[in-house]
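Structure at a glance
Listed below, chain by chain, are the residues.
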Amino acid sequence: MHVEVRGLNKKFGTFQAVKDVSFHIAKGQLIGLLGPSGGGKTSILRMLAGLETPDEGDIVFHGQRVNDLPPQERGIGFVFQNYALFKHMTVAENIAFGLEVKKWPKAKIKARVAELVELTGLKGFESRYPHQLSGGQRQRVAFARALAPEPQLLLLDEPFAAIDAKIRHELRSWLREMIDRLGITSIFVTHDQDEAIEVADEIMIINQGRLEQKGSPWEIYKDPQTPFVAGFIGESTIVEDIASLRGFADTLTWPGTKGLIRPEYIEVGKEHEFPLLSATETGRVKHIHFRGSEWLVEVEIGAIKLVTYRSLEKEVLHPGDAVHVLVHRAYLFNDNDSWVMENKLKEDPMPVHI
Amino acid sequence: MMRRLWIGLTVLVFGLLLVIPVIRIAQGAFDAGWSGFWRGLTRPEALHALLMTGIIAVVATVVNAFFGVMLSLYLVRATWLGRRLKRLMNSLVDLPFAVSPVIGGLMIVLLLGPDTALGGLLGRAGIDIVYALPGMVIATLFVTFPLVVREVMPVLQEIGSQQEEAAHMMGAYAWTTFWRVTWPSIRWSVVYGVVLTVARCLGEFGAVLVVSGNILFKTQTATTLVYQDVENFNLTAANAVALALAAGSVLLLLFMEWAKSRKEVH
């Protein structure tokens with residue numbers, strides 16, 4: 001289903017939960033609504049579902065305004081954060097509920113339930129009650145139940161929040177696969193950026209009720225459009241005095257400009273590891289931490305503290321070592337503008353060819 | 001040693017307060033043998049009084065169960081009721097617990113008695129409220145009103161509204177959602193509240209006495225009959241009716257224990 005939202009606003013009392021949000025979603029896409037808790041993601045989802053009424057703005061499905069349509073008539077599947085399974089009904093009864101309400105013939109209901117039980121790998125659990133299932137199984141029941149009436153749009157509110165980390169990974173890829181196979185337009189809410197990056201075709205970053213940026217995970221990572229997005233996605237350190245870093249002196253042109261530097265923008269190492277020393281700063285290793293598959297290195301350049309990773313294959317650094325630090329690029333921002341700047345000294349100004 | 005003392009003391013208090021009175025009532029009821037008990041219970045005035053108590057219990061319980069569930073739903077779920085209004089209504093529900101039943105009855109007399117504007121108007125239309133069955137039902141309703149609400153509201157709060165919202169998303173409107181999703185979760189609490197209501201209806205005395213005027217063969221209930229029998233030193237008959245009431249209540253409480261265990265299962 002093609003979804004379009006225009007100028008959505010919602011207030012709860014005096015709290016503005018959603019501020020002037022507009023977007024559109026193409027058919028068959030899997031969209032992640034990502035942002036900090038209390039940022040308005042769930043409110044947007046609930047307004048799409050019809051469980052909350054927007055104060056202003058239009059919600060359009062397939063070119064038709066659905067604001068006045070009750071949730072019962074919107075043809076949306078909704079997976080709740082805690083699944084909201086009917087606890088007095090078995091797995092099969094839970095899945096059949098929506099079909100019974102829609103007065104499907106008995107034989108068709110039976111066939112559809114069997115199909116979904118098969119699809120979600122719940123075979124053999126049909127007559128169990130929700131309290132007899134594990135978290136992951138409950139999640140799949142909720143998913144099957146939402147899909148049963150063949151909705152055109154699937155909404156998932158923090159679908160993996162209540163599941164332990166290991167199973168969460170499995171379920172994520174399972175869900176991605178399932179949605180690809182069914183080709184159903186889906187929107188899920190999450191506060192976990194790894195989850196959004198891993199699963200979604202496109203991410204919408206929501207903060208304080210506003211849509212900060214919409215784009216593919218790679219676009220958002222590579223080209224964040226607001227300081228919030230830059231800081232929220234990935235890891236980063238904010239450097240107030242960015243002009244003092246070698247290669248970024250040009251930033252003096254814009255007073256009040258700060259830099260945001262990700263660990264992966266930085267290389268740290270001994271003198272002989274860099275072909276072009278003129279672009280590097282000298283610093284001192286402050287701490288190193290073993291992170292399973294790499295070293296996390298904290299390095300100090302004068303008053304500036306930076307964080308980066310270093311391969312286990314390279315020479316091991318020690319706290320107190322004098323090192324060279326190459327900052328490849330920084331995300332710069334001030335009150336009016338933001339942009340990405342490459343290290344100006346990385347290109348050898350006087351290449352010597354032998 | 002200390003422990004034994006405490007256990008002994010507890011048993012003593014329990015016995016003095018609960019067991020001995022029941023035994024005394026049973027003894028009193030049968031002090032003229034089985035026929036004495038039977039005579040006391042099947043006197044025309046006793047039969048009429050028990051009938052009145054029965055009618056009041058049935059009407060008050062049905063009305064309370066229905067409106068108790070409705071009010072609980074509104075107080076917990078309705079978004080169109082302001083939060084402050086909800087809090088006020090929620091505390092008003094407890095009013096009958098805080099106010100003496102006699103005062104509750106008195107309020108009804110003052111509001112709807114034959115000498116008041118409203119009561120006079122209804123009286124001219126041929127409807128007697130006070131010193132008649134309707135007033136007694138209203139008085140009993142007043143006293144028992146919190147019982148169902150206080151049982152159902154916490155359960156509604158605990159189950160939350162997500163299951164209901166899930167049902168809405170699957171196309172179920174309010175009626176279907178209530179019967180297929182909400183009701184199975186609250187039914188044992190409703191049963192529990194209903195049992196408490198019936199037990200209270202059987203035993204209610206103060207409010208009904210004030211409102212009914214205790215008129216023989218007209219507005220006399222089982223409890224007010226016992227009161228009158230005691231006044232008249234007709235102790236065997238008083239004990240017989242009292243024993244019948246006590247037996248009814250005990251049966252109800254046993255049923256309630258069973259309902260409670262069901263409530264915990266689901």
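The paragraphs below set out a description of the structure included in this document. Per chain, residue numbering runs from 1 following the sequence as it is written. To label them, take the chains in the order written and letter them from A, then take the ligands in the order written and number them from 1. Only residues with pLDDT of 70 or above have their local features reported here, since the model is predicted, and side-chain atom pairs are shown and tallied only from 80 upward, although totals for entire chains, interfaces and linings are computed over all residues. Each side-chain value is worked out from all heavy atoms of the structure, with water and hydrogens disregarded.

1. A short note on the packing of aromatic side chains
All names here are of chain A. To pair, rings of Phe, Tyr and Trp, with the six-membered ring standing in for Trp, must have centres within 6.5 Å; the planes then decide the type, stacked if under 30 degrees apart, edge-to-face if over 60, and tilted in the middle. Counted under the stated rule, the structure contains 21 aromatic pairs over all chains. Ring centres 5.8 Å apart and planes at 20 degrees place the aromatic pair W218 and Y221 in the stacked group. Highlighted residues: W218 and Y221, both in helix α7 (residues 217-222), separated by three residues, approximately one helical turn. Taken together, a centroid distance of 5.5 Å and an interplanar angle of 65 degrees make the contact between F290 and W295 edge-to-face. Here F290 falls in the exposed class, since its relative accessible area comes to 52%. Each helix corresponds to a stretch of at least 4 residues labelled H or I by DSSP, and each strand to a stretch of at least 2 residues labelled E; elements are numbered beginning at the N terminus. Each residue's exposure class comes from its accessible area (1.4 Å probe, protein chains only) as a fraction of the maximum for that residue type: buried when under 20%, exposed when over 50%, partly exposed otherwise.

2. Considerations on empty space enclosed by the protein
Using a probe with the size of a water molecule, rolled over the atoms, empty space left in the structure can be pinpointed. All names here are of chain B. Here the term cavity refers to a set of points on a 1 Å grid, laid over the protein atoms alone, in which a 1.4 Å probe fits but cannot get out; the term pocket refers to an open set having protein on both sides within 12 Å along at least five of seven lines, with lining residues being those that place an atom within 4 Å of a point. Grid points are joined across faces, edges and corners, and a volume is the space filled by probe spheres set on the points. All told, the structure shown has one cavity of 30 Å³ or more when counted by the stated rule. A volume near 40 Å³ is recorded for the largest cavity. Along the walls of the largest cavity sit T53, I56, T140, C201, L202, E204, V208, T221 and T223, which together make up its complete lining. If you list the elements that add at least two residues to the lining of the largest cavity, you get α3 (44-77) and α10 (174-203). Each residue receives one of three labels: charged for Asp, Glu, Lys and Arg, nonpolar for Ala, Val, Leu, Ile, Met, Phe, Trp, Tyr, Cys and Pro, and polar for the others, Gly being one of them. Class assignment of the residues belonging to the lining of the largest cavity gives a composition of four nonpolar, four polar and one charged.

3. A closer look at α10 of chain B
Here the expected length of a helix is defined as 1.5 Å per residue gap, with one fewer gap than residues. Counted at 1.5 Å a residue, the expected span for α10 of chain B with its 30 residues is 44 Å, but the 37 Å between its end C-alpha atoms falls short. Bend angle per residue: angle between axes fitted to the 7 residues ending at that residue and the 7 residues starting there. At W183 of chain B, α10 of chain B is deflected by roughly 65 degrees, the largest bend along its length, and proline P184 of chain B occurs up to four residues later in sequence.

4. Here's the deal with the sheet that holds strand β19 (residues 338-342) of chain A
Residues and elements named next belong to chain A. Reading across from one edge, β11-β12-β18-β19 is the order of the four strands in this open sheet, with antiparallel pairing throughout. Only two strands of the sheet have a single neighbouring strand rather than two, namely β11 (237-239) and β19. Strand-to-strand twist across the sheet, computed as the mean angle between neighbouring axes with direction ignored, equals 30 degrees. Pairing between two strands is assigned when DSSP locates at least 2 bridges connecting them. As paired strands, β11 and strand β12 (residues 258-261) are joined by three bridges and run antiparallel to one another. Throughout, an axis means a line fitted to C-alpha atoms (over the contacting stretch in the case of helices), and angles, computed between N-to-C directions, take values from 0 to 180 degrees.

5. Describing the pattern of salt bridges
Residues and elements named next belong to chain A. Salt bridge, as used here: a side-chain nitrogen of Lys or Arg that lies within 4 Å of a carboxyl oxygen of Asp or Glu. Applying the stated criterion across every chain, the model contains 27 salt bridges over all chains. Here R310 makes a salt bridge to E273, at a shortest N to O gap of 3.0 Å. Remark: E273 occurs in the loop between β13 (266-269) and β14 (281-290) and R310 occurs in strand β16 (residues 304-311); sequence separation between them is 37 residues. On the basis of relative accessible area, R310 is assigned to the buried category, the value being 3%. It is possible to trace a salt-bridge network through shared partners that takes in E4, R6, D58, R65 and D68.

6. Some thoughts on the interface of chain B and chain A
At the interface, 17 residues of chain B touch 24 residues of chain A. When two components associate, each loses some accessible surface as probed by a 1.4 Å sphere; the sum of these losses over both components is called the buried area. Roughly 2000 Å² of surface becomes buried between chain B and chain A when both sides are summed, with 62% attributable to carbon and sulfur atoms. Of all residues in chain B, M169, M170 and R180 of chain B bury the most surface against chain A, accounting for 39% of the area lost on that side. In this assembly, chain B and chain A are joined by two salt bridges. The salt bridge partner of E165 of chain B is R46 of chain A, with a shortest N-O separation of 2.6 Å. In this analysis, two residues are considered to be in contact whenever any of their non-hydrogen atoms come within 4.5 Å of each other.

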